[in-house]
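# Summary of structural features
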Amino acid sequence: MTAACGGSDDSAPAVDVSKLAPGNYPTTPRDIDKQRTAETGAVQESIRLAEFVPLMMDLDSRLVYNQRPFYLHPFTPQNPPQNGWLGGSVDDFAAAAPGLVAGWTTSGHRRKDNSLGLNIDLTLLRFSDNAQAKTAMDVFSDAKNDTYPRKGPLSIPGYPNAKSALSQYDAVHTWIASDDYLLYTYVGNGLATPPDPAPLIDFTKKLLDKQFELLKGYTPTPSDKVAQEPADIDGLVARTLPNQPTDGYADITGAYTPHAALHLEERPDISKRAFDDARVDLIAHSDSSIYRTADPAAASRLTASFLDQLTGLFDPTDSPPGLPTAKCSKKLDNDATKSRNLVEFICYLTYDRYVAAITANQRQDLDQKLAAQYELLAFGR
């Protein structure tokens, strides 16, 4: 049994399945389509849309920090952007801006503290038709719905139909409806002295140009078919641990291309190099994450890269009983971790060409999750 469960790498430490204790976590793949919720299709369409949303580092190589938490990225009719995310606030999103189909948000910052230097936010929403996208633009660009007073309107070269404004704190907010889409951007620079909107306007134009160029490659699923959007690819999501969605936010569960998944990474620049090196071609995110690489050697290199990114925040800790192939880390108690909302434990489990990432705040829960994840990878075929 031990030899059969060790994966294809004969040099890897042996796994003792008899010591694995998965608790109540599932050890056989889930039928993702049978577990669909009212927003499953919209989440999958949002993930498809993310493939055609630019990474900020592709527009400016200095924008290598992304501080969007995992759970904030997809938008659905059940979980639309919250107040302030589109530059304005409304009491009821569906009533004020009906027809939302799917959406995605991303960000890029020059430094870890997003108040220091160039700071970019982008949100792309797809509506059922152009009239609804225009309604949403009018609602959220209306100064009366803004929490803070504005200094005045602005113009974006080449986009006469855009609505743009200079905020109280000298950032450029822009809303534009095109076809069935509403695009909202925030471009600010907290270190600009004296404040100057000109370079921020230039970057906004660059951002709009890139987003609309990428959208030419997106083939939207018809609105009446979104609810049936496939929720898995190659059965990879079925082998993740089931997620418990955060109240008020869309579930991120789904299969991602590497580009779409980079929007979820804190340092997409580092992760992209690791993905390219390991030839990652598919990622499944739920309560655990699974990365499919080219081969076992590539999976080991990807694990090493992930562990390197934990330096200064986490220290190595013991693997669970019977599972020496897991590489586990425990959060350090230092100034860097106190200022951030980090989980207590992170582990990476390599099996064949796959790398699974598992997090937990309690040791027993971590060990049970890892045991279940191993069985999902080793026997879930």
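Now for a description of the structure that goes with this document.

Conventions and cut-offs
Residues numbered from 1 in each chain as written. Predicted model: local features only at pLDDT ≥ 70, side-chain atom pairs only at ≥ 80, totals over all residues. Heavy atoms only, no water. Helix = DSSP H or I, 4+ residues; strand = E, 2+ residues; numbered from the N terminus. Rg over C-alpha atoms; globule rule 2.2 N^0.38 Å. Buried < 20%, exposed > 50% of the residue type's maximum accessible area, 1.4 Å probe, protein only. Lys, Arg positive; Asp, Glu negative; His and termini not counted. Charge placed at Lys NZ, Arg CZ, Asp CG, Glu CD. Salt bridge = Lys/Arg side-chain N within 4 Å of Asp/Glu carboxyl O. Disulfide = S-S within 2.5 Å. Phe/Tyr/Trp six-rings, centres within 6.5 Å; stacked < 30°, edge-to-face > 60°. Lys NZ or Arg CZ within 6 Å of the ring centre and 35° of its normal. Pairing = 2+ DSSP bridges. Contact = heavy atoms within 4.5 Å. Axes fitted to C-alpha atoms, helices over the stretch in contact; angles between N-to-C directions. Core = buried A, V, L, I, M, F, W, Y, C linked by side-chain atoms within 4.5 Å.

Time to look at the overall build of the protein chain. A tally of regular secondary structure across the protein chain gives 10 helices and 14 strands. For 381 residues, the compact-globule estimate of 2.2 N^0.38 gives 21 Å, and the protein chain sits close to it at 22 Å. Expressed as lengths along the three principal axes of its C-alpha atoms, the size of the protein chain is roughly 70 × 50 × 35 Å. A buried classification covers 50% of the 381 residues belonging to the protein chain. For the protein chain, the centre of its 37 positive side-chain charges and the centre of its 49 negative side-chain charges are spaced 3 Å apart.

Attention now goes to the pattern of salt bridges. Counted under the stated rule, the structure contains 20 salt bridges. For Glu45, the salt bridge is made with Arg126, and the minimal N-O distance between the two is 3.1 Å. Linking Glu45 in helix α1 (residues 40–50) with Arg126 in strand β3 (residues 118–127), this pair joins segments that are 81 residues apart in sequence. The exposure class assigned to Glu45 is buried, which follows from its relative accessible area of 0%. Taking relative accessible area as the criterion, Arg126 reaches 5% and is therefore assigned buried. When salt bridges that share partners are traced, they join Glu45, Arg48, Arg126 and Glu229 into one network.

In a disulfide, the sulfur atoms of two cysteines are held together by a covalent bond. Summed over the entire model, instances satisfying the criterion amount to one disulfide. Each sulfur in the disulfide pair Cys328 and Cys347 lies 2.1 Å from the other. Across the S-S bond of Cys328 and Cys347 the torsion is about 120 degrees, and the bridge reads as right-handed. Here the residue Cys328 occupies a position in strand β12 (residues 326–331), and Cys347 occupies one in strand β13 (residues 345–351), the gap between them amounting to 19 residues.

Right, let's get into the packing of aromatic side chains. Within a pair of aromatic rings, the relevant descriptors are the distance that separates the centres and the angle that separates the planes. A complete count under the given rule lists 11 aromatic pairs for this structure. Each member of the aromatic cluster is reached from another via a ring pair, and the members are Phe275, Tyr291, Phe306 and Tyr348. Taking the ring centre of Tyr354 as reference, the NZ or CZ of Arg239 above it sits at 4.8 Å. Sitting over the ring of Tyr65, Arg267 keeps its end group 4.7 Å from the ring centre.

Turning our eyes to something else, we now look at the sheet that holds strand β1 (residues 74–75). Where strands meet in a sheet, backbone hydrogen bonds hold them as pairs that are either parallel or antiparallel. If you walk across this open sheet you meet the seven strands as β1-β2-β3-β7-β6-β5-β4, and the pairing is antiparallel. Strands at the two margins of the open sheet, each flanked by one partner only, are β1 and β4 (150–154). The sheet contact formed by strand β6 (residues 172–178) and strand β7 (residues 181–189) spans seven bridges and is antiparallel. Bridge pairing in β7 places Trp175 opposite Tyr184. The strands touched by helix α4 (residues 130–141) within the sheet are β3, β4, β5 (163–167), β6 and β7, with β6 carrying the most contacts at an inclination of about 160 degrees.

The next subject is the nonpolar core. By size, the foremost hydrophobic cluster in this structure holds 58 residues, and its most contacted members are Ile120, Leu124, Phe203, Tyr256, Phe275, Tyr291 and Leu302. Here this core takes seven residues from helix α5 (residues 197–215), the largest share from any one element. Among the nonpolar cores identified, the runner-up in size contains 29 residues, and Leu282, Ala326, Phe345 and Tyr374 belong to it.

Here the amide bond leading from Thr193 into Pro194 is cis, since omega sits at -5 degrees, within 30 degrees of zero. You can see Pro194 is positioned in the loop between β7 and α5. One non-glycine residue, Asp179, adopts positive backbone phi at about 55 degrees. As for its position among the elements, Asp179 is in the loop between β6 and β7. The class of Asp179 is exposed, set by a relative accessible area of 55%.

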